[in-house]
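Chain by chain, the residues:
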There are 4 protein chains.
Amino acid sequence: MEFDNNKPIYLQIADFVCDKILRNEWSAAGRIPSVRELGADLQVNPNTVMRTYDYLQGEEIIFNKRGIGYFVAETAVQNIVKLNRTEFFSHQLPMLFNTMNALGITLEEIKSQYEAFLKK
Amino acid sequence: MEFDNNKPIYLQIADFVCDKILRNEWSAAGRIPSVRELGADLQVNPNTVMRTYDYLQGEEIIFNKRGIGYFVAETAVQNIVKLNRTEFFSHQLPMLFNTMNALGITLEEIKSQYEAFLKK
Amino acid sequence: MEFDNNKPIYLQIADFVCDKILRNEWSAAGRIPSVRELGADLQVNPNTVMRTYDYLQGEEIIFNKRGIGYFVAETAVQNIVKLNRTEFFSHQLPMLFNTMNALGITLEEIKSQYEAFLKK
Amino acid sequence: MEFDNNKPIYLQIADFVCDKILRNEWSAAGRIPSVRELGADLQVNPNTVMRTYDYLQGEEIIFNKRGIGYFVAETAVQNIVKLNRTEFFSHQLPMLFNTMNALGITLEEIKSQYEAFLKK
DNA sequence: GTGGTCTAGACCACC
DNA sequence: GTGGTCTAGACCACA
């Protein structure tokens, strides 16, 4: 897996895990890979995965059974969606609008770019 | 001036300088404040301003006359705009589209949000 | 290590690093010393080494893995050679020819000096 | 006049003055422009020209009559040539040979470059 | 542990 | 006066 330098790796791994859950590859109440396993898979220090799991547990997307492993929470999917939507509408979108304003970019341009993006 | 903790101060100062240039408050071929002056103005260490100027010189937005000071480059405005647009269309926008896709958000929603944003 | 006062230390360290790479003492994709280590080795402030690494990363000679360290880029050797040759043929040599012309020095004289230099 | 950023302006002005003398445009025992005049001509601070004249006086290339101005020394030409040749053979040339060695550049390459330079 | 940023203060060459 | 470099020491996020 390749990482973007502008975002902490542990958050990128969180996205990766959420993606797995949303696609139902890791299903509700099921066990997810151990910190060591996932670390080996993604070629990343286990500590970093640990941080991801910590974060996801805080958001109630996964939970821990001591000595056994981490599991997908029942409410995982809805929490992921809520988390993402909140982030999107309260941070990402306003920032976008600000730069659009600053650069004089219209919604029309965004629209045509979006259509090009969809075809890709 | 207040600084956002999520972005290096020297880059926020760069934005500040670019803004001045775009608004024509600091005009083409004109001298801009010395690192010491601007540092005092913004309550920031001169070294930090130095780093900003270094960066902006690399982007060919300002240039230096030795022992005299820094000046706005002839091509400053176009370089600023180019820099910002490149960043916007090749990074910010694709990331936006990706999350839109992932969250199932349509362009219609964006549009209504944008109108709300404009009224604010 | 001793430093020449006529050239910034951070650039002399850059030369030092490039030399290591060219001699294959620090090999492609391998990790190079941390800013703290090299700083201690060369009896130089870590910030100064940091500046060197910054510069070399800009020239795509080394690259960074966050939280882990700096590594020799795959294309390091060719980039070093290209950098040096460009500098030599487009700046150093023309300046030499200009002064040769001004002083009426012939290529023959250069040649004999060069042979003397090689024997030294 | 345009200045190279890698060399102090006052030394570049010194080169300019020496060139005038060597070409006999400013002849032996003749008066040369005042600090203010030359400064205006070259669009440079008079202080900087002053520093040039100071330096050239130290090298016995020009001399000063108080209240009147600066004049070309009788021994100017020979001192210029001596100064330049010394600089060339004891500094410039050894540095050249070093980089040639480091980059594996042969005298043959230099020769062909030189011929190309002469035709230009 | 790593790099990245920032401050405070110093010294220097140059204009 | 200007920028440029360097040091010492601090704090932070990240791995």
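Preceding this paragraph is the structure being described.
Each value, and the rule that gives it
- Residue indices follow the written sequence of each chain, beginning from 1 at its first position.
- Each chain gets a letter, beginning with A, and each ligand a number, beginning with 1, in the order they are written.
- Residues qualify for local features only when their pLDDT is at least 70, as the model is predicted, and side-chain atom pairs are given and counted only at 80 or more; totals for whole chains, interfaces and linings, by contrast, use all residues.
- Derived side-chain values reflect all non-hydrogen atoms in the structure, with water molecules and hydrogen atoms excluded from consideration.
- For this purpose, a residue is taken to be near a molecule or strand whenever a single non-hydrogen atom of the residue falls within 4 Å of it.
- N or O atoms within 3.5 Å of each other form a polar contact, as long as, within protein, one can give a hydrogen and the other can take it, and as long as residues adjacent in sequence are counted only when both atoms are side-chain atoms.
- Numbered from the N terminus, helices here are DSSP runs of H or I no shorter than four residues, and strands are runs of E no shorter than two.
- Here the term charged refers only to Asp, Glu, Lys and Arg, the term nonpolar to Ala, Val, Leu, Ile, Met, Phe, Trp, Tyr, Cys and Pro, and the term polar to all other amino acids, Gly among them.
- Only heavy atoms enter the contact rule, under which two residues are in contact if any of them lie within 4.5 Å.
- Buried area: the sum, over both parts, of the accessible surface (1.4 Å probe) that disappears when the two are put together.
- The rule for a salt bridge is simple: a side-chain nitrogen of Lys or Arg has to be within 4 Å of a carboxyl oxygen of Asp or Glu.

1. Comments concerning the protein's contact with DNA strand F
1) Next: Every one of the 27 residues lining DNA strand F counts as a neighbour, but Thr48 of chain A, Met50 of chain B together with Ile9, Thr48 and Arg51 of chain C are closest to it.
2) Next: Among the atoms of DNA strand F lying within 4 Å of the protein, the sugar-phosphate backbone contributes 72%.
3) Next: At 3.4 Å, a backbone N or O of Tyr10 of chain C approaches a phosphate oxygen of DNA strand F.
4) Next: At 2.8 Å, a side-chain N or O of Asn47 of chain C approaches a base nitrogen of DNA strand F.
5) Next: For the surface near DNA strand F, the elements supplying multiple residues, two or more each, are helix H1 (9–22) and helix H3 (46–58) of chain A, helix H2 (35–42), helix H3 (46–58) and strand S2 (69–72) of chain B together with helix H1 (9–22) and helix H3 (46–58) of chain C.
6) Next: The element contributing the most residues to the surface near DNA strand F is H3 of chain C, with three residues.
7) Next: Grouping the constituent residues of the surface near DNA strand F by class yields 12 nonpolar, 10 polar and five charged.

2. Topic: the interface of chain B and chain A
1) Next: Taken together, the contact between chain B and chain A spans 24 residues of the former and 24 residues of the latter.
2) Next: Looking at the side of chain B facing chain A, the largest losses of area belong to Phe97, Leu103 and Tyr114 of chain B, adding up to 23% of the total buried there.
3) Next: Inspection of the chain B/chain A interface yields two salt bridges.
4) Next: Measuring nitrogen to oxygen at the nearest pair gives 3.3 Å for the salt bridge that ties Arg85 of chain B to Glu109 of chain A.
5) Next: At the level of secondary structure, the elements contributing two or more residues to the side of chain B that touches chain A comprise helix H4 (76–103) and helix H5 (107–119) of chain B.
6) Next: If you tally residues by element for the side of chain B that touches chain A, the top one is H4 of chain B, at 15 residues.
7) Next: For the side of chain B that touches chain A, the class distribution of residues is 15 nonpolar, six polar and three charged.

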